[in-house]
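For reference, the chains in residue letters:
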Amino acid sequence: MEKISNSTGRDQLFGIFFIAISIAIALASILSEIALLNKWPLYYNAVIWIGSFVISFTSLLYNKWNIWSSLRDRMKNSIKWPLHAKIINGVCWAGPFAAIAVQPSLFPYLILAGIGSGNISTYLLLKRYKNINYNNNDNGNDAGRGQFIVGLISLVAIPIVFEVHTNMFTFRDDISIMLSRILISFAYAVGGIYSIMIKKR
């Protein structure tokens, strides 16, 4: 089993984790679009998404068990947050996704809003409650900044998707949905690369 030291290793692990998410989303988005165009059965989408994450995570994280303990530590830390902080974080993550049920036509924008606000709120709350400490390199602060980058790019992508959607000659929701997913994939890729490369500077 591969062991990676604290500080640099932990940041690199979170970077690889983000890149695994990026690859899985990109792969699933493209395959889902192919499935839609070929009118494959609806359940293929579930198979595609689950399979994409399994393939990506297995390929990049199969011998990096440290990432799961690091994620578990973060979850344990978030449990200690005050109630209002938990509510804020929960609303930022779940609110936009729950709104999809009410406004499905806004799906491309709401998933970007959910990923963006969720990642940024988690980063700010971790920083606020001292789980990310800029004076202590062992707390994974660069991985935290990578998470902030993911959120920021996702929010900035909202007007991009809107502009493309409103200026298409043919109104197609599937193109907007795929574009939003690809931009989320891009956001996680940039955040992951940042988390890996920052310690090498």
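Just so you know, these numbers come straight off a predicted model, no measurement behind them. (Residues numbered from 1 in each chain as written. Predicted model: local features only at pLDDT ≥ 70, side-chain atom pairs only at ≥ 80, totals over all residues. Heavy atoms only, no water.)

(A) Structural context of the overall build of the protein. When helices and strands are tallied, the protein shows seven helices and zero strands. Starting at the N terminus and walking to the C terminus, you meet the elements of the protein as α-α-α-α-α-α-α. Going through the 201 residues of the protein one by one, you find that 40% of them count as buried. Sequence separation of at least 24 residues holds for 75% of the intrachain contacts in the protein that already meet a minimum separation of 6. Only carbon and sulfur atoms are counted for the fraction: they give 69% of the accessible area of the protein, which is about 11000 Å². (Helix = DSSP H or I, 4+ residues; strand = E, 2+ residues; numbered from the N terminus. Buried < 20%, exposed > 50% of the residue type's maximum accessible area, 1.4 Å probe, protein only. Contact = heavy atoms within 4.5 Å. Areas by Shrake-Rupley, 256 points an atom, 1.4 Å probe, with all protein chains shown as cover.)

(B) The nonpolar core, seen in detail. Counting residues in each nonpolar core, the largest one holds 25 residues, and the members touching the most others are Phe17, Ile21, Leu61, Ile184 and Tyr188. When contributions to this core are tallied by element, the ones reaching two or more residues are α1 (7-37), α2 (43-61), α5 (107-128), α6 (141-167) and α7 (173-197). Broken down by element, the residue count for this core peaks at eight residues, all from α1. (Core = buried A, V, L, I, M, F, W, Y, C linked by side-chain atoms within 4.5 Å.)

(C) Up close: the packing of aromatic side chains. Within the structure shown, the criterion is met by 10 aromatic pairs. Measuring from ring centre to ring centre gives 5.6 Å for Phe17 and Phe57, while their planes differ by 70°; the resulting arrangement is edge-to-face. Linking Phe17 in helix α1 with Phe57 in helix α2, this pair joins segments that are 40 residues apart in sequence. A relative accessible area of 12% places Phe17 in the buried class. Relative accessible area serves as the criterion here: at 19%, Phe57 is assigned to the buried category. An aromatic cluster of at least three residues, connected via ring pairs, comprises Phe17, Phe18, Trp49, Phe53, Phe57 and Tyr188. (Phe/Tyr/Trp six-rings, centres within 6.5 Å; stacked < 30°, edge-to-face > 60°.)

(D) Highlighting the side chain of Ser52. If you trace the backbone, Ser52 turns up in helix α2. Polar side-chain contacts of Ser52 include one of 2.7 Å to the backbone oxygen of Ile48. Other than its neighbours up to four places away in sequence, Ser52 contacts Ala24, Leu27, Ala28 and Leu31. (Polar contact = N/O pair within 3.5 Å; in protein donor to acceptor, adjacent residues only side chain to side chain.)

(E) Structural view of the confidence of the model for the protein. Of the residues in the protein, 86% have a pLDDT of 70 or more, and the chain-wide mean is 86. The element-level mean pLDDT for the protein is lowest in helix α3 (residues 66-79), coming to 80, with helix α4 (residues 83-99) highest at 96. Scored below 50 in pLDDT, residues 1-5 shows 10 contacts in the model against residues more than four places distant or in partner chains. (pLDDT = per-residue confidence, 0-100.)

(F) Seen up close, the side chain of Ser32. Position of Ser32 among the secondary structure elements: in helix α1. Classification of Ser32 by relative accessible area gives buried; the value is 7%. Look past the residues within four positions of Ser32 in its chain and what remains in contact with it is Asn45, Ile48, Trp49 and Arg181.

(G) Highlighting the environment of Ile184. Residue placement: Ile184 occurs in helix α7. Sequence separation between Ile184 and Gly116 is 68 residues; the distance between their C-alpha atoms is 8.9 Å. The residues contacting Ile184, other than those within four sequence positions of it, are Ile25, Ile111, Leu112 and Ile115.

(H) Region of interest: the packing of α5 against α7. Relative orientation of the contacting elements α5 and α7 amounts to 20°, with a least axis distance of 8 Å. For the element pair α5 / α7, the angle class is roughly parallel. For α5 against α7, the interelement crossing comes out right-handed. Here Phe107, Pro108, Ile111, Leu112, Ile115 and Asn119 of α5 come into contact with α7, specifically with Ser176, Ile177, Ser180, Arg181, Ile184 and Tyr188. Here the residues of the contact of α5 with α7 sort into eight nonpolar, three polar and one charged. (Axes fitted to C-alpha atoms, helices over the stretch in contact; angles between N-to-C directions. Parallel < 35°, antiparallel > 145°, perpendicular 65-115°, else oblique. Left-handed = near helix turned anticlockwise from the far one by under 90°. Nonpolar A, V, L, I, M, F, W, Y, C, P; charged D, E, K, R; others polar.)

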